[in-house]
Amino acid sequence: MKSFLSILFTILIMKAGAQSKVNYDESKVEPYTLPELLRSAGGQEIKTVKEWESIRRTEIVRLFEEEVYGKIPAEAQLKPTIEILEKEGEAFHGKAVRQQIALDFERNGQSLRVHLLVYLPAGQDNPPVFVGYNFYGNASITEDENILLSPSWVPNKKEFGITENQITDGARGQRAHRWPVEKIIDAGFGLAAIYYGDVDPDRDDFSDGIHPLFYEEGQTKPGPSEWGAISAWAWGASRALDYLKSEPATANSKYILFGHSRLGKTSLWGGALDKRWDLVIANNSGCGGVAISRRKIGETVEAINTSFPHWFADRFKKYNDQENKMPVDQHMLVALIAPRPVYISSAVEDRWADPVGEYLGAYYASPAYQLYGLETPASDQQPSVSKPIHTSIGYHLRPGGHDVTDYDWEQFIAFSRKHLKP
Ligand code: GCU
C-alpha cells in the first residue's frame, strides 16, 4: 500500500508538472485565426444591424449555448413566490434603504430559495442599480449586521470561520473591501446582491442548486450541451432582474450586471442572453470570460475544464487543447452585448486571467458595436496602466492582483454615469 507521504509527493509532482506547462510568455503565443465575427456560418458577410441581429447574433448565441456554457431549459423562466423578509430597513445612517427578499422556486417537487439584498439611495426613485453576485453570502459584502445569513452550501474557509460548508457570522464584512456600498449609494446608485451558492453551489455536484428542478425522471445531471454552473448563475441574475422590474422603486431603473472573475464570466454570458441588462461589467474575468482562448496564456480551456468541470456544458471539454477548433472565441461573447455598453477590467498581476487577452477580447468585439455607429477602442494595443477607455466598449488595466478595488468601482461608476444618462 502506498504511504500517505508517497501519495502526497505524487500529487505535488503532478501539480508542479501541470503548472510548469502554464505559458505566460507572449512570444510563445502561436499564430491563430479568430472566427470571423461578421460572417455567418453560411458565408454571408454581415453589413447591417438587421443582418447582425437576425442572422449572426442568433447563430453565435446558439454556439455559446451548445458548445460552451450549455443551454438553459426553456421552462426555466420560472416565476418564484416572493417573500419580503425586510421591507424598509434603514442603512448607512439613513442614506440608504435596505430590502431583503427571498425568491422561492418550486418545480418537480423540489425547491430553491435565493436571497436578494437590495440597497437603494433613500428618497431616490428608480436609481440605476448594480446587480452582482458574491462568493461568501450577502452578509460578506458589508459590515451591516442586519443582513440575513444564507443557509446554502459554501466552500470552507477557516479564516472566515466557515468549516462546515455553512456561512457563519464570521463571514460578515469579509468581502467589504470589494463592495464599497456606501460610495455606490453616495454616487446615486442602488446595489442588489445575491449569493451565487443560493442559485448553484460551486462544486462539481449537479444534485443541488437550480439544476434538479428541471430534471426528467431518473436524470442526475444536465445533458452534454445543457447548462453548467455559469449558465445557472446567469439564469439566477435574470430572476433577480425580474424581481427588480416588478417593484415600483426599481421598475424603471437601469440595470447594470457586474461580476468578478468566475462571476465576471457569468455577467458576460448573462448580459449576452438577457437584453434587459442595460450595461455589463466583467472584472478579471479571464478564461471563459473575455480573454481570447486561442492565446493559451495563463489559464487554458483544458485547465479550466479540469479544475472546474461543472462550470461549462460537458461539450466544452472537447476543446481541451483544441482551442483552434472552437467555432467561437470570447470576443464574440462581448459582441453579443452590443449595442449596450460593456466594461472590461484587468489587473497587471492577474496573469492567470491573461490581461492582454482580456483587452483583445474586448477590442475584437468592436465591429459589432460599429454596426450601431458606436465608438470603440481605437487601437489593438492594450492601454497603459490606469489609463481607462470609456468608449461603448470600456476598458482599464490597474496595478495589483486578482481583486476588486475602489479604483475599479470609481471607473464602473464613471462609465455607467456616462453611458446611462437619465
Ligand atoms: C480560478 C479560476 C478562474 C476564476 C477564478 C475566480 O482562479 O481558474 O477561472 O476566474 O478562480 O473565480 O476567482
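On a predicted model such as this, the values are computed, not experimentally measured, just so you know. (Residues numbered from 1 in each chain as written. Predicted model: local features only at pLDDT ≥ 70, side-chain atom pairs only at ≥ 80, totals over all residues. Heavy atoms only, no water.)

Re the overall build of the chain
Thought 1: Secondary structure assignment for the chain yields 11 helices and 10 strands.
Thought 2: In terms of C-alpha radius of gyration, the chain reaches 21 Å, essentially the compact-globule figure of 22 Å for 422 residues.
Thought 3: Projected onto its principal axes, the C-alpha coordinates of the chain cover approximately 70 × 55 × 45 Å.
Thought 4: For the chain, buried positions account for 55% of its 422 residues.
Thought 5: Counting contacts in the chain only where the partners sit at least 6 residues apart, residues at least 24 apart contribute 68% of the total. (Helix = DSSP H or I, 4+ residues; strand = E, 2+ residues; numbered from the N terminus. Rg over C-alpha atoms; globule rule 2.2 N^0.38 Å. Buried < 20%, exposed > 50% of the residue type's maximum accessible area, 1.4 Å probe, protein only. Contact = heavy atoms within 4.5 Å.)

Focus on unusual backbone geometry
Thought 1: Of note, the amide linkage connecting Ala338 to Pro339 takes the cis form, showing an omega dihedral of 5 degrees.
Thought 2: Position of Pro339 relative to the elements: it lies in the loop between α8 (330-335) and β8 (342-347).
Thought 3: Even without being a glycine, Asn108 presents a positive backbone phi close to 55 degrees.
Thought 4: Here Asn108 shows up in the loop between β2 (96-107) and β3 (110-121).
Thought 5: By relative accessible area, which is 48% here, Asn108 ends up partly exposed.
Thought 6: The phi angle at Asn165 is positive, at roughly 55 degrees, despite the residue not being glycine.
Thought 7: Tracing the backbone through its elements, the reader meets Asn165 in the loop between β4 (129-134) and α3 (181-186).
Thought 8: Judged by relative accessible area, which is 26%, Asn165 ranks as partly exposed.

Focus on the pairing of strand β7 (residues 279-283)
Regular strands place their side chains on alternate faces of the sheet.
Thought 1: Here β7 lies mainly inside the structure; 5 of its 5 residues are buried.
Thought 2: As paired strands, strand β6 (residues 255-260) and β7 are joined by 5 bridges and run parallel to one another. Counted as the bridge partner of Gly259 is Ala282 from β7.
Thought 3: Crossover connection from β6 via helix α6 (residues 262-273) to parallel β7: handedness right-handed.
Thought 4: Here β7 pairs with β8 via 4 bridges, running parallel. (Pairing = 2+ DSSP bridges. Right-handed = clockwise from strand over helix to strand, strands pointing away.)

Considering the side chain of Arg294
Thought 1: One can find Arg294 in the loop between β7 and α7 (301-307).
Thought 2: Within the structure, Arg294 has its side chain in polar contact with the backbone oxygen of Val328 (distance 3.1 Å). (Polar contact = N/O pair within 3.5 Å; in protein donor to acceptor, adjacent residues only side chain to side chain.)

Some thoughts on the packing of aromatic side chains
Thought 1: This model, assessed by the stated rule, comprises 27 aromatic pairs.
Thought 2: Ring geometry for Tyr363 and Tyr364: centres 5.3 Å apart, planes at 70 degrees, overall edge-to-face.
Thought 3: Seen from the ring of Phe160, Lys157 lies directly overhead, with NZ or CZ sitting 5.2 Å from the centre. (Phe/Tyr/Trp six-rings, centres within 6.5 Å; stacked < 30°, edge-to-face > 60°. Lys NZ or Arg CZ within 6 Å of the ring centre and 35° of its normal.)

Concerning the environment of Glu145
Thought 1: Position of Glu145 among the secondary structure elements: in the loop between β4 and α3.
Thought 2: Note on Glu145: relative accessible area 65%, which makes it exposed.

Notes on the packing of helix α5 (residues 229-246) against α6
Thought 1: As a packed pair, α5 and α6 sit with axes 8 Å apart at the nearest point and diverge in direction by 65 degrees. You can see that α5 and α6 cross each other, and the crossing is right-handed. Residues Ile230, Ser231, Trp233 and Ala234 of α5 lie in contact with α6, whose contacting residues are Arg262, Leu263, Lys265, Thr266, Trp269 and Gly270.
Thought 2: Here the residues of the contact of α5 with α6 are counted per class, giving 5 nonpolar, 3 polar and 2 charged. (Axes fitted to C-alpha atoms, helices over the stretch in contact; angles between N-to-C directions. Left-handed = near helix turned anticlockwise from the far one by under 90°. Nonpolar A, V, L, I, M, F, W, Y, C, P; charged D, E, K, R; others polar.)

Details of the environment of Asn305
Thought 1: For Asn305, the position within the fold is in helix α7.
Thought 2: The exposure class of Asn305 is buried, given its relative accessible area of 3%.
Thought 3: Contact partners of Asn305, with chain neighbours within four places excluded, come to Phe312, Phe316, Lys317 and Asn320.

With respect to the site of the ligand
Thought 1: As a structural note, the neighbourhood of the ligand is formed by Ser261, Arg262, Lys265, Glu299, Ile304, Phe308, Trp311, Trp352 and His402.
Thought 2: Between the ligand and the protein, one listed contact pairs an oxygen atom with a side-chain N or O atom of Ser261 at 2.6 Å.
Thought 3: Within the side chain of His402, one N or O atom sits 3.1 Å away from an oxygen atom of the ligand. (Near = heavy atom within 4 Å.)

Concerning the pairing of β8
Thought 1: The buried count for β8 comes to 6 of 6 residues, which makes it a mostly enclosed element.
Thought 2: Burial along β8 is two-sided: Val342, Ile344 and Ser346 and Tyr343, Ser345 and Ala347, pointing in opposite directions, are all buried.
Thought 3: Bridging between β8 and strand β10 (residues 393-398) involves 6 bridges; their strand directions are parallel. Looking at the pairing, Ile344 lines up with Tyr395 of β10.

Overview of the packing of helix α2 (residues 49-69) against α6
Thought 1: One way to put it is that α2 packs onto α6 with a least axis distance of 11 Å and a crossing angle of 140 degrees. In terms of orientation, α2 lies oblique with respect to α6. When you trace α2 past α6, the crossing you get is left-handed. Taken together, the residues of α6 that come into contact with α2 (itself represented by Arg57, Val61, Phe64, Glu65 and Tyr69) are Trp269, Ala272 and Leu273.
Thought 2: Across the contact of α2 with α6, the residue classes break down as 6 nonpolar, no polar and 2 charged. (Parallel < 35°, antiparallel > 145°, perpendicular 65-115°, else oblique.)

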